[in-house]
Amino acid sequence: MTIRPNETPLLEWAGDTLAIGLFEDAVELTGDLAALDEKFAGILKELIAEEEFTGKTNSTIFTRVGAGNLVRKVILVGLGKPEALKLDTVRRIAAAVAKVAKKQKTKTLGISLPVWNNDPAATAQAIAEGTQLALYQDTRFKSEPEDKGPQIETIDLLGLGGQEAAITRANQIVSGVFLARQLVAAPANAVTPITLAETAQAIATDYGLQIEILEREDCEKLGMGAFLGVAQASDLPPKFIHLTYKPETTAKRKLAIIGKGLTFDSGGLNIKGAGSGIETMKIDMGGAAATLGAAKAIAQIKPDVEVHFISAATENMISGRAMHPGDVLTASNGKTIEVNNTDAEGRLTLADALVFADKLGLDAIVDLATLTGACVVALGNDIAGLFTPDDAVASQLEKAAESAGEKIWRLPMEDKYFEGLKSGIADMKNTGPRPGGSITASLFLKQFVKETPWAHLDIAGPVWEDKENGYNGSGATGFGVRTLVNWVLS
Ligand code: BES
Ligand code: MN
Ligand code: ZN
């Protein structure tokens, strides 16, 4: 599919389907639209009246246009109130248009939407992102594709001539989101620590990034007892992935992005029971997927920022070699951990990854993890939890997420709750009481970062959509990639 900026006047554009945005309560046709309606023998006015179309955000109506016209069908899409038009509304509207157009067997689509905030570049980027994210299909695990209908081949962004660079930027970001979606959606017998490391290697080879994969023995030498404790029951080798993007000029900032990379989480000997969603636990590498997706996008964008992409990848399994509940592990910073619950494994793997990143002398570290069910209880499925002691990093991430259209919400790191992690035998336990479970998880992580400004995003909710939801579709969302890219570029 090709997306093209286009200056063809509305009245002259030729193709299968023309989509036009109309603001709420301003659906009377004037100017070009009145002229277009005249060409179509008044069919638009009729359609608006018949469907009682008021222009509510994301509402769509469509009609076939009489023979002899340059277009076959017209879609009218509601924009809501002009003052309420946000960048992400544009992205969502574009997604809604793309889905209707696809259903209507469109091959060539023209989209005419107003420019948001006098910013044609941001508008073009949002439309290019929204349409592509909405049209994403994943048939890798089907023997035959179910969708035999025609695919959209070209999308013309009318009135956005000259915005090639914005469309290229959208394509780079979308390629990262698609990689993250594919990694999360793939089952645990397809995405393993080995294949995750291979994916990182492929990004390094394709885009000229540096890569270092630490094997079990390397991790042993670094004293990564927490990560290796989680890995010890699996028949698959753990892989500690460290991918580095370095700009050609001097870096103006140095950052790390760390992703939880549990390719399957059975819970370990504290095994996940019936109704726990154990069969969905292939998604437990959603943080690593966002990290690699961001790496793929950043590698193409090439900003003046050095970025380290890190994941301690493994499975959490059971076997005769499994951690016993109650075992004491020693992390690579020397801190000892009583594993009172083997299902709180993500924070153990992150502990050693954070210590590793902290030693790199960076300006900031962000980790993303499908860390706690408690965060889903607190914020629901659409919103990630943001935890950080650093107000500056918090506001950078909040801004990055806002323009990405990804929802994050800061939760408090209440120091007093660390009491819940006190251990009689070791420096700390890995699990506290049920109340405030995502807060104690973040306080646990904080023990492994010394100086570097750091933030943690708990993405257990938004990593996956059960039902179709805007441009996120259903299934793996690729959550985090767009926020991370914006953050690195900020
Ligand atoms: N991977 C899970 C968290 C999770 C739950 C992710 C639901 C996505 C959806 C994590 O490893 C886990 O098992 N957390 C436990 C922690 C508890 C034992 C303290 C949880 O949330 O129940
Ligand atoms: Mn777990
Ligand atoms: Zn987990």
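Thresholds applied
Residues numbered from 1 in each chain as written. Chains lettered and ligands numbered in written order. Predicted model: local features only at pLDDT ≥ 70, side-chain atom pairs only at ≥ 80, totals over all residues. Heavy atoms only, no water. Donors = N, O, S within 2.8 Å, 3.2 Å for Na, K, Ca; no water. Tetrahedral: all angles 85-135°; square planar, octahedral: opposite > 155°, others 65-115°. Helix = DSSP H or I, 4+ residues; strand = E, 2+ residues; numbered from the N terminus. Buried < 20%, exposed > 50% of the residue type's maximum accessible area, 1.4 Å probe, protein only. Arc of directions from axis to C-beta. Contact = heavy atoms within 4.5 Å. Core = buried A, V, L, I, M, F, W, Y, C linked by side-chain atoms within 4.5 Å. Domains from an automatic or database assignment. Polar contact = N/O pair within 3.5 Å; in protein donor to acceptor, adjacent residues only side chain to side chain. Near = heavy atom within 4 Å. Areas by Shrake-Rupley, 256 points an atom, 1.4 Å probe, with all protein chains shown as cover. 1 Å grid on protein atoms, 1.4 Å probe; cavity = no way out; pocket = protein on both sides within 12 Å on 5 of 7 lines; lining within 4 Å. Sits in = over half its atoms within 2 Å of the grid points. Nonpolar A, V, L, I, M, F, W, Y, C, P; charged D, E, K, R; others polar. Phe/Tyr/Trp six-rings, centres within 6.5 Å; stacked < 30°, edge-to-face > 60°. Buried area = accessible area lost by both parts, 1.4 Å probe. Points joined across faces, edges and corners; volume = space filled by probe spheres on them.

*Asks:* Give a description of the coordination of the zinc ion (ligand 3) that names residues and reports values.
*Replies:* Listed as protein donors to the zinc ion (ligand 3) are K260 (NZ), D265 (OD), D284 (OD) and E345 (OE); their distances from the metal cover 2.0 to 2.4 Å. Considering all six donor atoms around the zinc ion (ligand 3), the spread of angles at the metal, 77 to 173 degrees, places the coordination shape in the octahedral class. The sequence motif formed by the donor residues of the zinc ion (ligand 3) is K-x4-D-x18-D-x60-E. The metal-metal distance between the zinc ion (ligand 3) and the manganese ion (ligand 2) comes to 3.2 Å, with D265 coordinating both. With D284 in the loop between strand 10 (261-265) and helix 9 (286-301) and E345 in the loop between strand 13 (336-338) and helix 10 (346-358), this residue pair connects regions lying 61 residues apart in the sequence.

*Asks:* Residue-level account of helix 1 (residues 31-39), with values.
*Replies:* Turning to helix 1, its buried residues number three or more, namely L33, L36 and D37. The buried side chains of helix 1 occupy one side of the element, clustering within an arc of 100 degrees when seen end-on. In helix 1, the exposed positions that point more than 90 degrees away from the buried face belong to G31 and E38. Buried residues in helix 1 make contact with strand 2 (15-22) and helix 2 (43-50). Immediately downstream of helix 1, the backbone of A41 shows phi near 60 degrees, a positive value.

*Asks:* Describe the nonpolar core, listing the residues and the values that go with them.
*Replies:* By size, the foremost hydrophobic cluster in this structure holds 63 residues, and its most contacted members are L196, L243, F309 and W487. By residue number, the principal contributor to this core is helix 9, which donates ten residues. Per-domain counts for this core show at least three residues from each of domain 1 (2-159) and domain 2 (174-489). With near-sequence residues (within four places) excluded, W487 lies in contact with R253, L255, A256, I257, A364, V366, Q396, L397 and A400. C219, L362, I365 and L411 belong to the second largest nonpolar core, which has 46 residues in total.

*Asks:* Would you mind going over the side chain of S311 in detail, with residue names and values included?
*Replies:* Among the structural elements, S311 can be located in strand 11 (residues 305-316). Residue S311 is classed as buried on the basis of its relative accessible area, which comes to 4%. In this structure the side chain of S311 is engaged in a polar contact, spanning 2.8 Å, whose partner is the backbone oxygen of G259. Not counting the four nearest positions on each side in its chain, S311 is found in contact with K239, F240, I241, G259, K260, G261 and A288.

*Asks:* So, the site of ligand 1: which residues are in play, and what are the values?
*Replies:* Among the 16 residues in the neighbourhood of ligand 1, the closest are listed as K272, D284, D343, E345 and G373. Note that an oxygen atom of ligand 1 is positioned 2.8 Å from one of the side-chain N or O atoms of D343. Its free accessible area being 510 Å², ligand 1 has 76% of it covered by the protein chains. Applying the majority rule of atoms within 2 Å of the grid points places ligand 1 in the largest pocket. Classifying every residue of the shell around ligand 1 gives four nonpolar, five polar and seven charged.

*Asks:* Explain the packing of aromatic side chains to me, using residue names and the numbers behind them.
*Replies:* If you walk through the whole model with that rule in mind, you get four aromatic pairs. Residues Y136 and F178 carry aromatic rings whose centres are separated by 4.6 Å and whose planes lie at 40 degrees to one another, so their mutual orientation is tilted. Of this pair, Y136 sits in the loop between helix 4 (120-135) and strand 6 (154-158) while F178 sits in helix 5 (residues 164-185); the two residues are 42 residues apart in sequence, bridging distant segments of the chain. On the basis of relative accessibility, which here comes to 21%, the residue F178 falls in the partly exposed class. Aromatic side chains F227 and F240 sit 6.2 Å apart centroid to centroid with 65 degrees between the ring planes, which places their arrangement in the edge-to-face category. Highlighted residues: F227 in helix 8 (residues 225-231) and F240 in strand 8 (residues 239-245), separated in sequence by 13 residues.

*Asks:* Can you explain the coordination of the manganese ion (ligand 2)? Please cite residues and give values.
*Replies:* At the metal site, the manganese ion (ligand 2) is ligated by D265 (OD), D343 (O), D343 (OD) and E345 (OE), and these contacts range over 2.0 to 2.2 Å. For the manganese ion (ligand 2), the six donor atoms in the first shell make angles of 70 to 167 degrees at the metal, so the coordination geometry reads as irregular.

*Asks:* Can you lay out the domain arrangement of the chain for me, pointing to particular residues and giving the numbers?
*Replies:* Interfaces are often described in size by the accessible area the parts lose on coming together. What the domain assignment lists for the chain is domain 1 (2-159) and domain 2 (174-489). Counting from both sides, the interface comprises 16 residues of domain 1 and, opposite them, 18 residues of domain 2. In total, domain 1 and domain 2 occlude about 1400 Å² of area from one another, counting both sides; carbon and sulfur atoms represent 61% of this. Three residues stand out in domain 1 for area buried against domain 2, namely R92, L133 and Y136, and they jointly supply 41% of the buried area on that side.

*Asks:* Can you explain the layout of surface pockets? Please cite residues and give values.
*Replies:* Reported here for the largest pocket is a volume of approximately 1100 Å³. Lining of the largest pocket is provided by 41 residues; of these, K272, L371, T372, G373 and A374 occupy positions nearest its centre. With five residues, helix 11 (residues 373-379) is the largest single contributor of residues to the lining of the largest pocket. Around the second largest pocket, the lining comprises 25 residues; the ones closest to its centre are Y136, Q137, D138, E468 and S474. Contributing elements (two or more residues each) for the lining of the second largest pocket: helix 3 (87-103), helix 4, helix 5 and strand 20 (475-476). Residue composition of the lining of the second largest pocket, grouped by class: nine nonpolar, six polar and ten charged.

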